[in-house]
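For reference, the chains in residue letters:
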Amino acid sequence: MSNQNNDSPTKEFYNGRYIFVTGGTGFIGKVLLHKLLVSCPQIERIYLLLRNRRDTDSISSRLSNLWSSPALNYLEQLDPKYKDKIVPVSGDLSKPQLGIGSADLINLKNQISIVFHLAATIKFDETLKNSVTINMLGTKRLLELCRDMEKLEALVYVSTAFSNCDRFVINEMLYPSKYDPEHVIKCTQWMDDETLKVITPLLLGKHPNTYTFTKAMAENILRTDAAGIPTAIVRPSVILSSVQEPFPGWLDNFNGPNRLIAMCSQGLSRSVICDKTKQAEVVPVDFVVNVIVCAAWRIATTRPKEIVVYNFCSSQLNPINFETFVSYSLKSMKLHPSEKIVFNPNLTLYKSKMRHNLLYLLFNKLPALVLDTLILLKGKRPYLADQIKRMTSKMECLEFFLLNDWHILDCNVQSLNLSLTPKDRDEFPFDVTLIDWEAYINNYVLGVRKFLLKEKDESLPVATKRLRRIMTIYWLVKSFCIIFFVLKIAQKSSFFTDRLSSLLLYLIKLLRMFRF
């Protein structure tokens, strides 16, 4: 249906559709399901691929867990019919035909017209074998199934803006791979783990991890195996909390910078290796989902002969560097302190590893060990040192992205936005110029507090009072350290002695102003 005949063609496009989603239980997947159910209520059915883990949850319990997510649990109260639209399909990405049973296969092949492929392992420290199996072989298996779908009109594959991070300029195109994806898959199938561990750095080349490498290879699988299938590749940059949907600040994982922000809000992280002048390529998860939804509509209605790539980033139209990002984050942390706070929130960005390591030792590791000792003396289990160690390991995986810049072009995303009607643009917003970074980061920090640290709004007054006490102690200790240092220098000078007396009197008056 053309834009001239309908003021919301994107929404109309999804009426009566049967959709197949992989990765629907992930962060993006939950927001995608929410968006499809709320904004496209006339969707007929969403088939959701779920892996049946023999040693843990059954399909029914995994689906129940999905519906218990804050992103979805209130929808059933609004309309019980929402739940009936999602149908679980037991399967495994690594198996032929995705390991789906014959009855479900018949339904998928006869009914599906839109496929959203979100499933992936996003661990930066994942082994090559696991990354190849899920990100590459899984994509190949999905394409085999897509070829048998009689009514398929659109396949949307979610990659990453950093799939080609070995290049400085990243355009909206498919770049040729140095290796044949088929050969890489076969190598991981017959080589033992030790051999793979040895050759992994050689295969990765300029790629910092197996994630970006296998995502780039998966795009090359699409280049060959998706021929004849209307396909879009959406490449978002670093995905953070939502702007608006399902509600402001929502997130459900400690990936990317989330763990750092959580620990910094408690005063447990004081420095990070990062170039403060580089761009923080972050985008909201609900904007990413809106690009995915609109990309499917666009390629299904225009039927392009080639794969269309959408680089979704913020640096072209609404840039924010790491210094500003951290500044806004710290401001929000002090306005909305964590109830678990142990030190005043602060985060210093260092390009120098030596300076960072020194600060890490003095203000992260040693204080954590002291506090863990006190916790142990109280008969409780110490945890701070382990948390900091885990966070440090995760941040080491991010260093490559915190010290470098890329020129990521996003012309196709801008064109996609312009192709929407005003009503669709309101329903499926993804214009990054609309983002007020200070307000967004404030909600992001609140989201970390509420959804990751599980802290309630009612605890804010007590947490604020606790932060005030911590800040008072901090400034007292700092002031007396300075005084002690100056006294050592000024022992032989009466001039300094007189002024120090005046300073001490001033500090005493200042302390009387504080209320504990």
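Residues numbered from 1 in each chain as written. Predicted model: local features only at pLDDT ≥ 70, side-chain atom pairs only at ≥ 80, totals over all residues. Heavy atoms only, no water.

An unreviewed UniProt entry lists the protein under the name Fatty acyl-CoA reductase, from Nilaparvata lugens. Under the heading Subcellular location (unreviewed entry), UniProt records this for the protein: "Membrane". Its UniProt record gives the protein the following Sequence similarities (unreviewed entry) comment, quoted word for word: "Belongs to the fatty acyl-CoA reductase family." (UniProt positions renumbered as here; feature names shortened; annotations may be inferred.)

The subject of this paragraph is the domain arrangement of the protein. Entries for the protein in the domain assignment read domain 1 (9-253 + 277-321 + 405-434) and domain 2 (463-514). Computed from C-alpha coordinates alone, the two centres of domain 1 and domain 2 are separated by 56 Å. (Domains from an automatic or database assignment.)

For the rest of this paragraph, the subject is helix α9 (residues 193-204). With twelve residues, α9 extends 16 Å between its outermost C-alpha atoms, agreeing within 8% with the 16 Å of an ideal straight helix rising 1.5 Å per residue. When we look at burial in α9, the residues that qualify are Leu196, Ile199, Thr200, Leu203 and Leu204. One face of α9 carries all of its buried residues, which in axial projection span an arc of 140 degrees. What points out from α9, more than 90 degrees from its buried face, is the exposed set Glu194, Lys197, Val198, Pro201 and Leu202. In this fold, the buried residues of α9 make contact with α7 (128-146), α8 (181-190) and α10 (210-225). (Helix = DSSP H or I, 4+ residues; strand = E, 2+ residues; numbered from the N terminus. Expected span 1.5 Å × (residues − 1). Buried < 20%, exposed > 50% of the residue type's maximum accessible area, 1.4 Å probe, protein only. Arc of directions from axis to C-beta. Contact = heavy atoms within 4.5 Å.)

Next up on the list: the UniProt feature "domain: Fatty acyl-CoA reductase C-terminal" (unreviewed entry) in the protein. Taking the UniProt record as the reference, the feature "domain: Fatty acyl-CoA reductase C-terminal" (unreviewed entry) is found at residues 364-455. In the segment residues 364-455, helix accounts for 70% and strand for 2%; the C-alpha atoms at its two ends are 23 Å apart.

With that settled, the discussion passes to a nonpolar patch on the surface. Taken together, the side chains of Leu358, Leu361, Leu362, Phe363, Leu366 and Leu369 present a nonpolar region at the surface, about 530 Å² in accessible area. One can find Phe363 in helix α14 (residues 353-377). We classify Phe363 as partly exposed; its relative accessible area is 44%. (Patch = residues over 30% accessible without salt bridge, like charges linked within 9 Å, V, L, I, M, F, W, Y side chains within 5 Å. Areas by Shrake-Rupley, 256 points an atom, 1.4 Å probe, with all protein chains shown as cover. Salt bridge = Lys/Arg side-chain N within 4 Å of Asp/Glu carboxyl O.)

The sheet built from seven strands is open, its strands ordered β3-β2-β1-β4-β5-β7-β11 with parallel pairing. Only two strands of the sheet have a single partner each, and these edge strands are β3 (86-90) and β11 (308-312). Across this sheet, the average inter-strand angle for adjacent strands is 20 degrees, counted without regard to direction. Bridge count for strand β7 (residues 231-236) against β11 is five bridges, and the pairing is parallel. Looking at the pairing, Arg235 lines up with Asn311 of β11. Running at roughly 165 degrees to strand β2 (residues 45-50), helix α2 (residues 27-39) makes contact with β1 (18-22), β2, β3, β4 (114-117) and β5 (154-158) of the sheet. (Pairing = 2+ DSSP bridges. Axes fitted to C-alpha atoms, helices over the stretch in contact; angles between N-to-C directions.)

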